[in-house]
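Residue-level structural notes
Residue-level listing of the chains:
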Amino acid sequence: MLYPLRLLVPLSNFWAFSNLCTSQLTHLQFLRHLSSSPAAIEEDEQRLSFTISYLVSSCGLSPKRALSIPQSHGLKFDSPEKPDSVLALLRNHGFTDAHVAKFVHRYPLALCYYPPERTLLPKIEFLHSIGISKEDLPDVICRCPYILRGSLENLINPAYSMLKSILQSNEKVFTTINRLGPYFVQKSTKNLCPNVALLKEIGIPDSRIVVLLYNRPQVLFIEHLQFRGLVDEVVKLGFDTSKVHFLFALHVQWNLYKATRDRCVKIYEDWGWSNADISLAFQRHPFCLILSENKLVRILDLLMNKMAFPAGEIAKVAIVFSLSFETRIFPRCSVLKVLLLKGLIKEKWTLRSVLQTTEKYFLERFVTRYHEDKDELLSLYKGEVDPFEASFSERFDKNPSKL
């Protein structure tokens, strides 16, 4: 039995809102029902219903947008006191209803900044201190809500000072932060200084660095080693660092990297990897997101389809994606496959011990120690036999004592 939502939205919006609830929330409710008690489910649905109703009636959002926020941002509350205090502070600083709707639309989690006197007010006072007037404040924040995210002391103030020293004007600083979007809080500003220094080192004039930072700021916030690699690639392509086309080429190289990364993420997802699996793999070996599609699919097919390794195990040793498929991964998996089929491995082993160790260690542990099967295992290791072919499996099934 599904417990109905206690709808608090205005009747004029009821039918549109009801249809959206039916199409977008039913599956989520069903999943919650599988693992929660009726009382917990009912309480959660009350909070969800109240949150959506509050976003519509108090913040001026459309029912469609209000409905998407709890799912995409995890925003839920069960009483108006805390979000009311946030809205009251904003209105005391010049926010109109239109400002509130625009701000909450772009940054709904700000409603969780409680108490706002400790979380939001210091940041608003900081904006006043750098010359933002009370009249301009709502427009600045609505245009650039990311300026309120993160620690004032550890992020906002240092980032502003750094950007201001390069861009000179507040207008350009806030435009740049807005163009950075989530990068402003996800990427450390510690990379900006060494990346700018590198451009100066190779002869890029300050005026062009300003243009790049203002128009395409993301590329200057990436990890310094990655940025240095991008610069080296553009230099090797023959671009003159004294020409503006060098910066254009740098941005194109960055976009190519992003496209590759997004394509790799899609491939991992198609193979059933969760966000947690992909994140772990990236933390262990960042280059796992810039592989060629051919290599990535071949490795995943071998490890997951033919060897039956789960995604989580592969993610723990993501450095295997940097290994040669032909000379390291496939030969060693071929040996391992047959050892497993014959039940010869008695002690514990890991994917790391199979793929990441030296050739001497691998041969001693997985090949030469099995005296009766050594010759056959060596032929597998050398690629003379493919244990994943159907004909091999059929032959092995008929006579497991032979390869």
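Counting restarts for each chain, with residues numbered from 1 along the sequence as it is written. Side-chain atom pairs in this predicted model are given and counted only at pLDDT of 80 or more, local residue features only at pLDDT of at least 70, and totals for whole chains, interfaces and linings cover all residues. No hydrogens and no water enter the side-chain calculation; it runs on all heavy atoms of the structure.

Their axes nearest at 9 Å, the elements helix H12 (residues 192-201) and helix H14 (residues 224-236) cross at an angle of 25°. By the angle class used here, H12 and H14 are roughly parallel. The interaxial crossing formed by H12 with H14 has right-handed handedness. Of H14, the residues touching H12 (which contributes Pro-194, Asn-195, Leu-198 and Leu-199) are His-224, Phe-227, Arg-228 and Val-231. Residue polarity is assigned by list, with Asp, Glu, Lys and Arg as charged and Ala, Val, Leu, Ile, Met, Phe, Trp, Tyr, Cys and Pro as nonpolar; anything else, Gly included, falls into the polar class. Class assignment for the residues of the contact of H12 with H14 results in five nonpolar, two polar and one charged. To obtain an axis, a line is fitted to C-alpha atoms, over the contacting stretch when the element is a helix, and the angle between two such axes runs from 0 to 180 degrees between their N-to-C directions. Under the scheme used here, helices are H or I runs from DSSP no shorter than 4 residues and strands are E runs no shorter than 2 residues, and both carry numbers assigned from the N terminus. Should an angle fall under 35 degrees it is taken as roughly parallel, and over 145 as roughly antiparallel, whereas 65 to 115 is taken as roughly perpendicular and any remaining angle as oblique. Left-handed describes a crossing whose near helix is turned anticlockwise from the far helix by less than a right angle; the clockwise case is right-handed. Contacts: residue pairs with any heavy atoms within 4.5 Å of one another.

Tracing the backbone shows Phe-50 in helix H2 (residues 38-57). Judged by relative accessible area, Phe-50 falls into the buried class, the value being 18%. Once the C-alpha coordinates of Phe-50 and Phe-77 are considered, the two residues, 27 residues apart in sequence, prove to be 7.2 Å apart. Only protein chains enter the accessibility calculation, which uses a 1.4 Å probe. A residue is then buried if its area is under 20% of the maximum for its type, exposed if over 50%, and partly exposed in between.

A few words on a negative patch on the surface. For patch building, the residue pool is restricted to those with more than 30% relative accessible area and no salt bridge; the joining distance is 9 Å between like charges and 5 Å between nonpolar side chains (Val, Leu, Ile, Met, Phe, Trp, Tyr). Note on areas: Shrake-Rupley with a 1.4 Å probe; residue coverage comes only from the protein chains shown. Here, a salt bridge means any Lys or Arg side-chain nitrogen found within 4 Å of an Asp or Glu carboxyl oxygen. Residues counted as positive are Lys and Arg, residues counted as negative are Asp and Glu, and His and the chain ends are not counted. Here the site of a charge means NZ on Lys, CZ on Arg, CG on Asp, or CD on Glu. A surface patch of like charges, here negative, comprises Glu-43, Asp-78, Glu-81 and Asp-84. When you line up the elements, Glu-43 lands in helix H2. Residue Glu-43 is classed as partly exposed on the basis of its relative accessible area, which comes to 49%.

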